[in-house]
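Survey of secondary and tertiary structure
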Amino acid sequence: MEFYVRRLLTLIASLLGISLITFLVFQVIPGDPALLVLGTEADPAALDALRREFGMHLPFHTRYFNWISAAVTGDLGRSIRLGKPVTELLAQRLPVTVSLAAFSILFTVLLSLPLGVMAAVNRGTFKDYGIMLFAQMGIAIPSFWAGILLILLFAVKLRMFSAGGFVPWQENAYLAFKSLVLPSAALGLQRAAILTRMVRSSMLETLSMDYVRTARAKGLPERTVVYKHALKNAMIPVITVLGLHVAGLIAGSIIIEQVFSLPGMGRLMLMAISYRDFPLIQGLVLFVASVVVIMNFVVDMTYTLLDPRIRYS
């Protein structure tokens, strides 16, 4: 129980630290939200009134306390450009980005685990060399370039998928899934290649352990030795990398959503940056950073399921 309490307190402290840094950074960035709304030729009295409405006349600590108190209740402010609450805009775009990230993770895991295990079991053979060649090529190809190649092949040549756009899940679940296949593959390919190398390396180390040799000496089937005894222990460093990839998926979605014209958080972030919509950028940055911290917490909890000894260390 002490292990879980410490991790939970660390999570809360990290979230508070991230919120403070996020708020501080956007306070020192040059730019006046009031000027962005009213323009440089606006009446000084109107500018001063709007600054007071934004709370810019208050001390830093008061503004931070007001902002973080509202954020805890789900109020991340209001977009200057769109005139809507940031939370509402997030709720509209989040299903697309979450679906894209989930399918990308699924693609990454389903591709990397079998390939990594196969390469480790067949070390030094043509299978191993072929898988490592694929992994090297996957690492070298940027996700946006992979997306363009997938569009040319499967959308333009074979006409199996659309070149872009997104159909909402509530309208047609099949078309929504179909519109995410190519973006998910493009976003997950590089991560699958990295994870394949990680799985292979971790499996090679695990397969040389004494308990694996003992399991083989007992006459257990090779499949049981590999997947039940070796793979479970080899997954600890793999889960660490996979957890970091989740954060990368959110950041990488900015480019992929542009390539495939997906109305997700990535395009919303790009629009907010283009128009210097500070409240919207601030809310999005806080949300993404919180996802990263929470994913690290989930990874820590997963460690204890794979190896209960960790909680006592």
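Structure's up top.
A brief look at the structure comes next. (Residues numbered from 1 in each chain as written. Predicted model: local features only at pLDDT ≥ 70, side-chain atom pairs only at ≥ 80, totals over all residues. Heavy atoms only, no water.)

In this section: the packing of aromatic side chains. Scanning the model with the defined rule gives five aromatic pairs in all. Look at Phe-103 and Trp-169: their rings are 6.1 Å apart centre to centre, the planes differ by 35°, and that puts the pair in the tilted class. With Phe-103 in helix α5 (residues 86–121) and Trp-169 in the loop between α7 (143–157) and α8 (173–207), this pair connects stretches of sequence that are 66 residues apart. Through successive ring pairs, a cluster of aromatic residues spans Phe-23, Tyr-64 and Trp-67. (Phe/Tyr/Trp six-rings, centres within 6.5 Å; stacked < 30°, edge-to-face > 60°. Helix = DSSP H or I, 4+ residues; strand = E, 2+ residues; numbered from the N terminus.)

All right, on to helix α4 (residues 60–72) then. The terminal C-alpha atoms of α4 lie 18 Å apart, and with 13 residues this matches the ideal 18 Å at 1.5 Å per residue to within 8%. Just downstream of α4 lies Gly-74, where phi reads positive at about 100°. (Expected span 1.5 Å × (residues − 1).)

Grouped together as the largest cluster of nonpolar side chains are 27 residues, with contacts concentrated most on Leu-76, Leu-90, Leu-268, Leu-280, Ile-281, Leu-284 and Leu-286. Listing elements by their share of this core, those giving two or more residues are α1 (2–28), α4, α5, α11 (265–274) and α12 (278–306). No other element matches the ten residues that α12 contributes to this core. Grouped together as the second largest cluster of nonpolar side chains are 20 residues, Val-225, Val-226, Ala-230 and Val-241 included. (Core = buried A, V, L, I, M, F, W, Y, C linked by side-chain atoms within 4.5 Å. Buried < 20%, exposed > 50% of the residue type's maximum accessible area, 1.4 Å probe, protein only.)

What follows is about the packing of α5 against helix α6 (residues 126–140). Between α5 and α6, the least distance of the axes is 8 Å, while the angle of their chain directions is 140°. Handedness of the crossing formed by α5 with α6: left-handed. On α6, the residues touching Leu-111, Leu-115, Met-118 and Ala-119 of α5 are Lys-127, Asp-128, Ile-131, Met-132 and Phe-134. A per-class count over the contact of α5 with α6 returns seven nonpolar, no polar and two charged. (Axes fitted to C-alpha atoms, helices over the stretch in contact; angles between N-to-C directions. Left-handed = near helix turned anticlockwise from the far one by under 90°. Contact = heavy atoms within 4.5 Å. Nonpolar A, V, L, I, M, F, W, Y, C, P; charged D, E, K, R; others polar.)

Next up on the list: the layout of surface pockets. In this approach the atoms are scanned with a rolling probe the size of a water molecule, which exposes any empty space left behind. By volume, the second largest pocket amounts to about 280 Å³. Lining of the second largest pocket is provided by 17 residues; of these, Ala-71, Val-72, Leu-76, Leu-286 and Ser-290 occupy positions nearest its centre. Where the lining of the second largest pocket is concerned, the elements lending two or more residues are α1, α4, α5 and α12. Split by residue class, the lining of the second largest pocket holds twelve nonpolar, five polar and no charged. (1 Å grid on protein atoms, 1.4 Å probe; cavity = no way out; pocket = protein on both sides within 12 Å on 5 of 7 lines; lining within 4 Å. Points joined across faces, edges and corners; volume = space filled by probe spheres on them.)

Another aspect to go through is α7. Here α7 is 15 residues long and its end C-alpha atoms lie 20 Å apart, about the 21 Å a rise of 1.5 Å per residue gives. Three or more residues of α7 are buried, namely Ser-143, Ala-146, Gly-147, Leu-150, Ile-151 and Ala-155. Arg-159 sits one or two positions beyond α7 and adopts a positive phi of about 55°.

Geometrically, a packed helix pair is captured by the angle between its two axes and the distance between the axes. At a minimum axis distance of 8 Å, the contact between α7 and α8 shows a crossing angle of 145°. Note on packing geometry: the crossing formed by α7 with α8 is right-handed. Here Ser-143, Ala-146, Gly-147, Leu-150 and Phe-154 of α7 lie close against α8, whose contacting residues are Leu-182, Ala-185, Ala-186, Leu-187 and Leu-189. Looking at the contact of α7 with α8 residue by residue, the classes come out as eight nonpolar, two polar and no charged.

All right, on to a nonpolar patch on the surface then. A cluster of nonpolar side chains, namely Phe-144, Trp-145, Ile-148, Leu-149, Leu-152, Val-156 and Ile-255, defines an oily patch on the protein surface of about 600 Å² accessible area. Here the nonpolar patch gets six residues from one element, more than from any other, and that element is α7. Along the chain, Leu-149 turns up in helix α7. According to the relative accessible area criterion, Leu-149 is partly exposed, its value standing at 36%. (Patch = residues over 30% accessible without salt bridge, like charges linked within 9 Å, V, L, I, M, F, W, Y side chains within 5 Å. Areas by Shrake-Rupley, 256 points an atom, 1.4 Å probe, with all protein chains shown as cover. Salt bridge = Lys/Arg side-chain N within 4 Å of Asp/Glu carboxyl O.)

Once that is clear, we can look at the environment of Asp-210. When you line up the elements, Asp-210 lands in helix α9 (residues 210–217). Taking the relative accessible area as the measure of exposure, Asp-210 reaches 53% and is therefore exposed.

A separate point is the environment of Gln-282. Along the polypeptide, Gln-282 turns up in helix α12. C-alpha separation for the pair Gln-282 and Thr-22, spaced 260 residues apart in sequence, amounts to 6.8 Å. Those residues in contact with Gln-282 that sit more than four places away from it in its chain are Thr-22, Phe-23, Phe-26, Gln-27 and Trp-67.

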